[in-house]
Amino acid sequence: MLSAIGRAFRTPDLRRKLLFTLGIITIFRLGAFIPAPGVDYGNVQQCLELGNTDGGLYQFVNLFSGGALLQVSIFALGIMPYITASIITQLLRVVIPRFQELHQEGAQGQSKLTQYTRYLTIALGLLNATTLVSLARTGALLGDCPVPLIPDDSLIMIVLLIITLTAGTGLIMWMGELITERGVGNGMSLLIFTAIAAGFPTSLGEILRTQGGTVFALVLLMGIVVVTLVIFVEQSQRRIPVQYAKRMIGRRTLGGSSTYIPIKVNMAGVIPVIFASSMLYLPSLVSQFNTPQDGTPPAAWVNWVTTYLTSGDHPLYMALYFLLIVFFTYFYVAITFNPDEVSENMKKYGGFIPGIRAGRPTAEYLQYVLSRITLPGAIYLGLVALIPLIALVSIGANQNFPFGGTSILILVGVGLETVKQIDAQLQQRHYEGLLR
């Protein structure tokens, strides 16, 4: 393994790509600690020491910003606006026929969709920046902190702060695209990977400090088991064989080859977990805005939401979370994989599944296989996402528990894809990959 890494850095082209990627990642991490203009960094640290920033919006958005949100830095919004814009663009393909046409046009259409995603990212960044600044002005961002985060809340300073946070989002998006073009791996995915991995030492250190060495060792052991199982499932796929008929074009014979359609057990990735987390946060957000500030008792429904749908340690919350993940897994897979479209493309190029007639029977067979393989994938996603909540109940760890949920799914998925890309480039140059 070490010799393979040495070969990677001894190859000039690959070394240049790796160093460029590491340089962009370093800039991304530095930006997470540069305070935004007008923000009192000392007051931010004082508020963080109070420890009122667990759960809900904080544990979810702060995860994708690498801790930059709670530092109120220039990269406080992190990669979340881009993730949201990408998901919205994918979902709009079902609603807007023009988006579906662009998706089918190849590279030119994909370029146009990418441009729409960029515009939407900036718009969402502007909206999120305005919300973040409003929360920071009122002190609600860091759990009703008594000291002001923005001492000078004049109009000019607020506008400058909003523009800076939005520009930070645009800069992160640009850096991610630079990594994709000139570095190694998918740029956006690697930035998310970096943001999540940056929180691992803090989370593990907190468990060691509060729970002791025995619990810490058990957490590490469980982490190894969880990572192994996640790698196994992420690599699992159902391969549907496809045979292409021979065709004579002039004097040449084309086709006659055999291939397969890979259908992964977890085709939806981490998107259902993000959807479910966002949906469950909405009741908490609505109840927060309907809580009286003058000391009067809140309404009965506000108390019910606060008791059952806020902390994450209640069985009802866990059950709803699991069911929402299963639902969104089926929903997202149905949007992203169209059996009719796959069947039509196979028929167009003379392909067929052995034993299955082309056309409608092929689409029905693909739908049957897809529905069967999505069920274990949905259950797997739900169980992995519940690990932090179970840890919250069993050992008192907060919901930023490192070995589970969104974090471990992204870390393993991005890590595997990046290693595969480096391995492929090494094999092109040395006929020997990164892994043996």
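The model shown is predicted, which means the values in this text are computed figures rather than measured ones. (Residues numbered from 1 in each chain as written. Predicted model: local features only at pLDDT ≥ 70, side-chain atom pairs only at ≥ 80, totals over all residues. Heavy atoms only, no water.)

1. Structural notes on helix 3 (residues 41-48)
Consideration 1: Looking at helix 3, one finds that the buried residues are N43, V44 and C47. With its buried residues spanning 105 degrees around the axis, helix 3 presents them on a single face. (Buried < 20%, exposed > 50% of the residue type's maximum accessible area, 1.4 Å probe, protein only. Helix = DSSP H or I, 4+ residues; strand = E, 2+ residues; numbered from the N terminus. Arc of directions from axis to C-beta.)

2. Here we look at the side chain of E234
Consideration 1: Relative to the elements of secondary structure, E234 occurs in helix 12 (residues 213-235).
Consideration 2: K264 provides the closest opposite charge to the buried, salt-bridge-free E234, at an N-O distance of 4.1 Å.
Consideration 3: A polar atom in the side chain of E234 sits 2.8 Å from the side chain of N266.
Consideration 4: Each residue touching E234, except ones within four places of it in the same chain, is listed here: K264, N266, Y380, L409, V412 and L416. (Lys, Arg positive; Asp, Glu negative; His and termini not counted. Salt bridge = Lys/Arg side-chain N within 4 Å of Asp/Glu carboxyl O. Polar contact = N/O pair within 3.5 Å; in protein donor to acceptor, adjacent residues only side chain to side chain. Contact = heavy atoms within 4.5 Å.)

3. Points about the environment of I390
Consideration 1: The topology assignment puts I390 in helix 17 (residues 360-394).
Consideration 2: I390 sits 75 residues away from P315 along the chain, and the two C-alpha atoms are 9.8 Å apart.

4. A closer look at the sheet that holds strand 1 (residues 237-244)
In sheet architecture, strand pairing relies on hydrogen bonds along the backbone and comes in two forms, parallel and antiparallel.
Consideration 1: The three strands are arranged 4-1-5 in an open sheet whose pairing can be described as antiparallel. Both edges of this open sheet fall to strand 4 (258-264) and strand 5 (351-352), since each of them pairs with a single strand only.
Consideration 2: Relative to strand 4, strand 1 is paired through seven bridges, and the arrangement is antiparallel. Counterpart to R238 in the pairing with strand 4 is I263. (Pairing = 2+ DSSP bridges.)

5. Observations regarding the pattern of salt bridges
Consideration 1: All told, the structure shown has four salt bridges when counted by the stated rule.
Consideration 2: The residue E177 makes a salt bridge to R118 at a minimum N-O spacing of 2.8 Å. Pair noted here: E177 is in helix 9 (residues 155-182) and R118 is in helix 8 (residues 107-138), with a separation of 59 residues, a long-range link.
Consideration 3: Of the residues examined, E177 reaches a relative accessible area of 18% and is grouped as buried.
Consideration 4: By relative accessible area, R118 is classed as partly exposed at 28%.

6. With respect to the packing of aromatic side chains
Consideration 1: Using the criterion set out here, one finds seven aromatic pairs in the structure.
Consideration 2: Measuring from ring centre to ring centre gives 6.2 Å for Y317 and Y321, while their planes differ by 40 degrees; the resulting arrangement is tilted. With Y317 and Y321 both in helix 15 (residues 315-336) and four residues apart, the pair spans about one turn of that helix. The pair formed by Y317 and Y321 is uniform in burial state, with each residue classed as buried.
Consideration 3: Seen in terms of ring centroids, F327 and F331 are 6.3 Å apart; in terms of plane orientation they differ by 15 degrees. Their pairing is stacked. (Phe/Tyr/Trp six-rings, centres within 6.5 Å; stacked < 30°, edge-to-face > 60°.)

7. Structural notes on the nonpolar core
Consideration 1: Membership of the largest hydrophobic core comes to 65 residues, with the highest contact counts inside it found for V230, I263, V273, Y321 and L409.
Consideration 2: Broken down by element, this core gets its largest block of residues, 11 residues, from helix 17.
Consideration 3: Taken together, domain 1 (1-183) and domain 2 (211-435) each give at least three residues to this core, which thus spans both.
Consideration 4: Residue contacts for V230: discarding those within four places in its chain leaves Y380, V384, I408, L409 and V412.
Consideration 5: If you look at the next biggest cluster of nonpolar residues, it comprises 20 residues, including A76, V147, L161 and L165. (Core = buried A, V, L, I, M, F, W, Y, C linked by side-chain atoms within 4.5 Å. Domains from an automatic or database assignment.)

8. As for the packing of helix 2 (residues 12-31) against helix 9
Consideration 1: Where helix 2 contacts helix 9, the axes come no closer than 9 Å and their chain directions differ by 170 degrees. The orientation of helix 2 relative to helix 9 falls into the category roughly antiparallel. Packed against helix 2, whose contacting residues are K17, F20, T21, I24, I27 and F28, the element helix 9 presents I172, M175, L178, I179 and R182 at the interface.
Consideration 2: Among the residues forming the contact of helix 2 with helix 9, the class breakdown is eight nonpolar, one polar and two charged. (Axes fitted to C-alpha atoms, helices over the stretch in contact; angles between N-to-C directions. Parallel < 35°, antiparallel > 145°, perpendicular 65-115°, else oblique. Nonpolar A, V, L, I, M, F, W, Y, C, P; charged D, E, K, R; others polar.)

9. Considering the pairing of strand 1
Consideration 1: Sheet topology places strand 1 next to strand 5; two bridges connect them, and they run antiparallel. What sits directly across from Q243, in strand 5, is F352.

10. A short note on a nonpolar patch on the surface
Consideration 1: On the surface, L218, L221, V225 and L229 cluster together into a nonpolar patch covering about 390 Å² of accessible area.
Consideration 2: Note on placement: V225 falls in helix 12.
Consideration 3: The exposure class assigned to V225 is partly exposed, which follows from its relative accessible area of 43%. (Patch = residues over 30% accessible without salt bridge, like charges linked within 9 Å, V, L, I, M, F, W, Y side chains within 5 Å. Areas by Shrake-Rupley, 256 points an atom, 1.4 Å probe, with all protein chains shown as cover.)

11. Focus: the environment of S257
Consideration 1: Counting through the fold element by element, S257 comes out in the loop between strand 3 (252-254) and strand 4.
Consideration 2: Owing to a relative accessible area of 40%, S257 belongs among the partly exposed residues under this scheme.
Consideration 3: Through-space distance from the C-alpha of S257 to that of Y244 is 5.5 Å; in sequence the pair is 13 residues apart.
Consideration 4: Aside from chain neighbours lying at most four places away, what touches S257 is V242, Q243 and Y244.

12. Describing the side chain of T194
Consideration 1: By secondary structure assignment, the location of T194 is in helix 10 (residues 187-197).
Consideration 2: With relative accessibility at 12%, the residue T194 sits in the buried group.
Consideration 3: Among the polar contacts listed, one links the side chain of T194 to the backbone oxygen of L190, at a separation of 2.8 Å.

13. Focus on the confidence of the model for the chain
Low pLDDT means the predicted atomic positions in that stretch should not be read closely.
Consideration 1: Per-residue confidence for the chain gives a mean pLDDT of 80, with 83% of residues at or over 70.
Consideration 2: Averaged pLDDT values over the elements of the chain bottom out at 58 in helix 4 (residues 56-64) and peak at 90 in helix 9. (pLDDT = per-residue confidence, 0-100.)

14. What to know about the packing of helix 7 (residues 97-104) against helix 8
Consideration 1: One way to put it is that helix 7 packs onto helix 8 with a least axis distance of 6 Å and a crossing angle of 130 degrees. Viewed along their axes, helix 7 and helix 8 adopt a mutual orientation that is oblique. Counted together, F99, L102 and H103 of helix 7 and G109, Q110, K112, L113 and Y116 of helix 8 form the full contact between these two elements.
Consideration 2: Tallied by class, residues from the contact of helix 7 with helix 8 come to four nonpolar, three polar and one charged.

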